[in-house]
Amino acid sequence: MECKEFEHLIPDFLQKNMGYGVMEDFREHMDHCEACKEELSIQFLVAEGMRHLEDDGAFDLQKELDRRLEENRNRLLIHKKLLLARRYFFTALITAVGMVILLFLG
Ligand SMILES: [Zn+2]
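Student: Honestly, the overall build of the protein in this entry has me stumped. Any pointers?
Tutor: Counting secondary structure elements, the protein contains 4 helices and 0 strands. Computed over the C-alpha atoms, the radius of gyration of the protein is 21 Å, more than 25% above the 13 Å expected from 2.2 N^0.38 for a compact globule of 106 residues. In terms of overall dimensions, the protein has C-alpha extents of about 75 × 35 × 20 Å along its principal axes. Put simply, the protein has 106 residues, and 22% of those count as buried. For the protein, long-range pairs separated by at least 24 residues make up 62% of all intrachain contacts whose partners lie at least 6 apart in sequence.

And the structure:
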């Protein structure tokens, strides 16, 4: 993923609108590109800071960003597990169907 694409996707991340297809690339780019990580932090702090202007100031933005990234990571992990489970399920299903067909043909 290019930096330009990453920047383009930041609003999606902030609004929790990001599709799983790009989430992994997004995170990978962030892990390897300090500039984009910085850009994400800044945009997050601005967006969340605005939302929490009326709060009593106890809101910890850095902690919130860490939490959001952790949540994003967990969602991605769960999504991957689901994909894997689905693949195993279909493999088992196809095997079972194949066996039934063989039984009838035999
Ligand atoms: Zn970058």
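Student: Is there a simple way to explain the coordination of the zinc ion in this structure?
Tutor: Tetrahedral coordination by four donors places them ideally at 109.5 degrees to one another around the metal; octahedral coordination by six donors ideally gives 90 or 180 degrees. In the first shell of the zinc ion, the protein supplies Cys3 (SG), His29 (NE2), Cys33 (SG) and Cys36 (SG), at 2.0 to 2.3 Å from the metal. Here the donor residues of the zinc ion share one chain and are spaced in sequence as C-x25-H-x3-C-x2-C. Each member of the pair Cys33 and Cys36 is classed as buried.

Student: Teacher, can you tell me more about the side chain of Glu48 here?
Tutor: Relative to the elements of secondary structure, Glu48 occurs in helix 3 (residues 34-51). Engagement of the side chain of Glu48 in a polar contact is seen with the side chain of Arg68, the distance being 3.3 Å.

Student: Would you mind going over the packing of helix 1 (residues 3-14) against helix 3 with me for this structure?
Tutor: Angle between the axes and distance between the axes: these two values describe a pair of packed helices. Where helix 1 contacts helix 3, the axes come no closer than 10 Å and their chain directions differ by 30°. Considering the angle they form, helix 1 stands roughly parallel to helix 3. Viewed along their axes, helix 1 and helix 3 form a crossing whose handedness is right-handed. The residues of helix 3 that touch helix 1, namely those facing Cys3, Phe6, Glu7, Ile10, Phe13 and Leu14, are Cys36, Glu39, Leu40, Gln43, Phe44 and Ala47. Across the contact of helix 1 with helix 3, the residue classes break down as 9 nonpolar, 1 polar and 2 charged.

Student: Where do I start with the packing of aromatic side chains in this structure?
Tutor: In this description, a pair of aromatic rings is defined by centroid distance and the angle of the planes. Counting across every chain of the model gives 3 aromatic pairs. Where Phe6 meets Phe26, the ring centres are 4.2 Å apart and the plane angle is 5°; that geometry is what we call stacked. Of this pair, Phe6 sits in helix 1 while Phe26 sits in helix 2 (residues 20-32), and the two are 20 residues apart along the sequence. Phe26 carries the same exposure label as Phe6, and that label is buried. Ring plane angle 20° and centroid distance 5.4 Å describe the contact between Phe13 and Phe26, whose orientation is recorded as stacked. Here Phe26 lies in helix 2 and Phe13 lies in helix 1, a separation of 13 residues in the sequence.

Student: In this structure, what is going on with a nonpolar patch on the surface? I would like to understand it.
Tutor: On the surface, a cluster of nonpolar side chains totalling about 730 Å² of accessible area is made up of Phe89, Phe90, Leu93, Ile94, Val97, Ile101 and Leu105. With respect to the element layout, Val97 can be found in helix 4 (residues 61-105). Judged by its relative accessible area of 44%, Val97 is partly exposed.

Student: Please explain the pattern of salt bridges as it appears in this structure.
Tutor: Note that side chains of opposite charge can pair when their charged atoms are close. All told, the structure shown has 7 salt bridges when counted by the stated rule. For the salt bridge of Arg67 with Glu64, the shortest nitrogen-to-oxygen distance reads 3.0 Å. Of this pair, Arg67 and Glu64 both sit in helix 4, separated by 3 residues, roughly a single helical turn. Taking the shortest distance from any N to any O, the salt bridge between Glu64 and Arg68 comes out at 3.7 Å. Residue Glu64 and its partner Arg68 are both found in helix 4; the two are separated by 4 residues, about one turn of the helix. On the basis of relative accessible area, Glu64 is assigned to the buried category, the value being 11%. Each of the salt bridges in this network shares a partner with another, and the network as a whole consists of Lys16, Glu48, Glu64, Arg67, Arg68 and Glu71.

Cut-off values and rules
- Residues numbered from 1 in each chain as written.
- Predicted model: local features only at pLDDT ≥ 70, side-chain atom pairs only at ≥ 80, totals over all residues.
- Heavy atoms only, no water.
- Helix = DSSP H or I, 4+ residues; strand = E, 2+ residues; numbered from the N terminus.
- Rg over C-alpha atoms; globule rule 2.2 N^0.38 Å.
- Buried < 20%, exposed > 50% of the residue type's maximum accessible area, 1.4 Å probe, protein only.
- Contact = heavy atoms within 4.5 Å.
- Donors = N, O, S within 2.8 Å, 3.2 Å for Na, K, Ca; no water.
- Polar contact = N/O pair within 3.5 Å; in protein donor to acceptor, adjacent residues only side chain to side chain.
- Axes fitted to C-alpha atoms, helices over the stretch in contact; angles between N-to-C directions.
- Parallel < 35°, antiparallel > 145°, perpendicular 65-115°, else oblique.
- Left-handed = near helix turned anticlockwise from the far one by under 90°.
- Nonpolar A, V, L, I, M, F, W, Y, C, P; charged D, E, K, R; others polar.
- Phe/Tyr/Trp six-rings, centres within 6.5 Å; stacked < 30°, edge-to-face > 60°.
- Patch = residues over 30% accessible without salt bridge, like charges linked within 9 Å, V, L, I, M, F, W, Y side chains within 5 Å.
- Areas by Shrake-Rupley, 256 points an atom, 1.4 Å probe, with all protein chains shown as cover.
- Salt bridge = Lys/Arg side-chain N within 4 Å of Asp/Glu carboxyl O.

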